Amino acid sequence: MWPYLIKRLLLMLPTLVGIVLVTFLVLQFVPGGPVQQMISQLRAHTTAAEGGGAGGFNQSDAAFARQLEAEQVDYLRRLYGFDKPLHVQFWNWLVKLFTFDFGESYYHHRTVVELVVEKLPVSISLGGWSFLLTYLACIPLGIRKAVRHGTRFDSVTSVVILVGYSVPGFVLGIFLIVLFGGGSFWEVFPLRGLTSDNWEELTTLGRITDYLWHLVLPLTCYVIGSFSVLTLITKNSFLDEINRQYVHTARAKGLAEGMVLWKHVFRNAVIPVVLGFPGSFLGLFFSGSILIETLFSLDGLGLLSYESIISRDYPVVMATLFFFSLLALVSNLLSDLSLVLVDPRISFESAPR
């Protein structure tokens with residue numbers, strides 16, 4: 001076990017280096033870097049100021065913007081380190097990322113760690129509740145569908161979950177907003193944030209109710225896709241095990257159906273479900289859906305990553321990508337290790353020759 005664990009941990013290093021290298025090269029070829037965007041903003045402000053001081057800029061601001069010349073562009077390049085050779089820039093990024101020194105955002109003028117920590121409550125709220133609802137509902141439903149395979153219950157639930165799977169989360173979000181968010185029909189659920197404006201004035205019970213009430217619509221959009229996938233995975237896994245010979249032998253010995261199902265079938269059938277458990281856990285907790293967060297005005301990690309790409313905020317882009325890549329590698333390792341815990345017959349040691 002330990003040799004395998006050490007080997008996997010060591011393999012993470014070149015994988016992360018490769019991810020950082022590809023991202024770094026892509027950013028070099030994408031037009032409109034941070035310096036160019038700042039110059040464009042200053043030119044836009046200059047044009048607005050020349051039109052009569054629109055946007056709150058006076059004539060002195062416009063004059064300052066017009067005086068931006070080549071030496072000032074060079075100063076910005078030196079400030080952000082863009083004047084150095086590419087291999088030096090790449091090495092500096094590697095050192096910063098692997099020492100978790102993510103630097104400061106170009107546009108928010110705050111450290112990347114502060115920005116990520118600020119967005120985490122939204123992502124953790126959505127991810128945590130989505131994870132719990134998905135696994136608590138899908139595993140029992142999948143088992144029930146496997147036991148009653150071919151019945152009307154199985155057919156009806158299959159149609160429902162496949163329809164849910166075919167509907168994108170953001171499309172469902174628009175439909176729910178129109179139907180229940182005060183669009184054209186009923187105003188039942190709130191549309192913005194995770195809490196109301198009078199949050200501080202509410203009692204403890206009122207705060208809990210208000211928080212859960214805000215989660216109803218975005219959570220519905222979050223779980224609709226994974227709900228369908230996990231249910232069908234659970235059902236198919238249990239169906240495969242129910243038809244095996246050892247199950248028929250257990251039934252022939254006179255064991256109760258519940259004993260056969262939970263003591264013999266469950267332990268083997270749950271392996272594919274457990275395989276995706278760590279990845280789903282970390283992914284739902286720390287990732288986000290950009291469109292859903294935008295629809296419901298939720299300022300989470302997904303929206304932060306998207307805005308940083310649009311604004312060419314390289315420190316935020318590199319840090320979030322490095323962070324999510326590291327989480328993905330760790331979740332894959334935890335998935336493999338969880339198989340050993342579920343089925344002791346699985347071993348990562350090399351077979352003796």
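A brief report on the enclosed structure follows. Remember, predicted model here, so these are calculated numbers, not experimental data.

**So, the overall build of the protein chain**
- A tally of regular secondary structure across the protein chain gives 16 helices and zero strands.
- Looking at the protein chain as a whole, 38% of its 353 residues are labelled buried.
- Counted over contacts in the protein chain with a minimum sequence separation of 6, partners at least 24 positions apart contribute 73%.
- For the protein chain, the accessible area works out to roughly 20,300 Å², and carbon and sulfur atoms hold 66% of it.

**Focus: empty space enclosed by the protein**
- Following the criterion strictly, the structure yields one cavity of 30 Å³ or more and no others.
- Ile19, Val20, Thr23, Leu97, Met318, Leu321 and Phe322 are the residues that line the largest cavity.
- When residues of the lining of the largest cavity are traced back to their parent elements, those giving at least two are α1 (2-29) and α16 (314-342).
- Split by residue class, the lining of the largest cavity holds six nonpolar, one polar and no charged.

**Side note on the pattern of salt bridges**
- Taken as a whole and judged by the stated rule, the model has nine salt bridges.
- Linking Glu114 and Arg110 is a salt bridge whose minimum nitrogen-to-oxygen distance equals 3.7 Å.
- According to the relative accessible area criterion, Glu114 is partly exposed, its value standing at 42%.
- The class for Arg110 is partly exposed, based on a relative accessible area of 31%.
- Taken together, the shared-partner salt bridges connect Arg110, Glu114, Glu118, Lys119 and Asp299 into one network.

**Topic: the layout of surface pockets**
- Looking at the largest pocket, its volume works out to about 260 Å³.
- As for the largest pocket, its lining consists of 14 residues, and the residues nearest its centre are Tyr80, Gly81, Trp93, Lys96 and Tyr106.
- A breakdown of the residues in the lining of the largest pocket according to their chemical character gives seven nonpolar, four polar and three charged.

**Here's the deal with the packing of aromatic side chains**
- Tallied over the full model, the rule gives twelve aromatic pairs.
- Feature note: the residues Phe98, Phe100, Phe102 and Phe322 constitute an aromatic cluster, connected by ring pairs.
- Positioned above the aromatic ring of Trp93 is the side chain of Lys96, whose terminal nitrogen or guanidinium carbon lies 5.7 Å from the ring centre.

**Digging into the environment of Thr111**
- Secondary-structure assignment places Thr111 in the loop between α5 (86-98) and α6 (112-147).
- What makes Thr111 partly exposed here is its relative accessible area of 30%.
- The sequence separation of Thr111 and Val316 amounts to 205 residues, and the corresponding C-alpha distance is 9.0 Å.
- Excluding its chain neighbours within four sequence positions, the residues that come into contact with Thr111 are Gly103 and Glu104.

**Notes on the environment of Val229**
- In this fold, Val229 is placed in helix α9 (residues 204-242).
- Since its relative accessible area comes to 36%, Val229 is described here as partly exposed.
- A sequence separation of 68 residues divides Val229 from Ile161, and the C-alpha atoms of the two residues are 8.5 Å apart.

Criteria and thresholds
- Residues numbered from 1 in each chain as written.
- Predicted model: local features only at pLDDT ≥ 70, side-chain atom pairs only at ≥ 80, totals over all residues.
- Heavy atoms only, no water.
- Helix = DSSP H or I, 4+ residues; strand = E, 2+ residues; numbered from the N terminus.
- Buried < 20%, exposed > 50% of the residue type's maximum accessible area, 1.4 Å probe, protein only.
- Contact = heavy atoms within 4.5 Å.
- Areas by Shrake-Rupley, 256 points an atom, 1.4 Å probe, with all protein chains shown as cover.
- 1 Å grid on protein atoms, 1.4 Å probe; cavity = no way out; pocket = protein on both sides within 12 Å on 5 of 7 lines; lining within 4 Å.
- Points joined across faces, edges and corners; volume = space filled by probe spheres on them.
- Nonpolar A, V, L, I, M, F, W, Y, C, P; charged D, E, K, R; others polar.
- Salt bridge = Lys/Arg side-chain N within 4 Å of Asp/Glu carboxyl O.
- Phe/Tyr/Trp six-rings, centres within 6.5 Å; stacked < 30°, edge-to-face > 60°.
- Lys NZ or Arg CZ within 6 Å of the ring centre and 35° of its normal.

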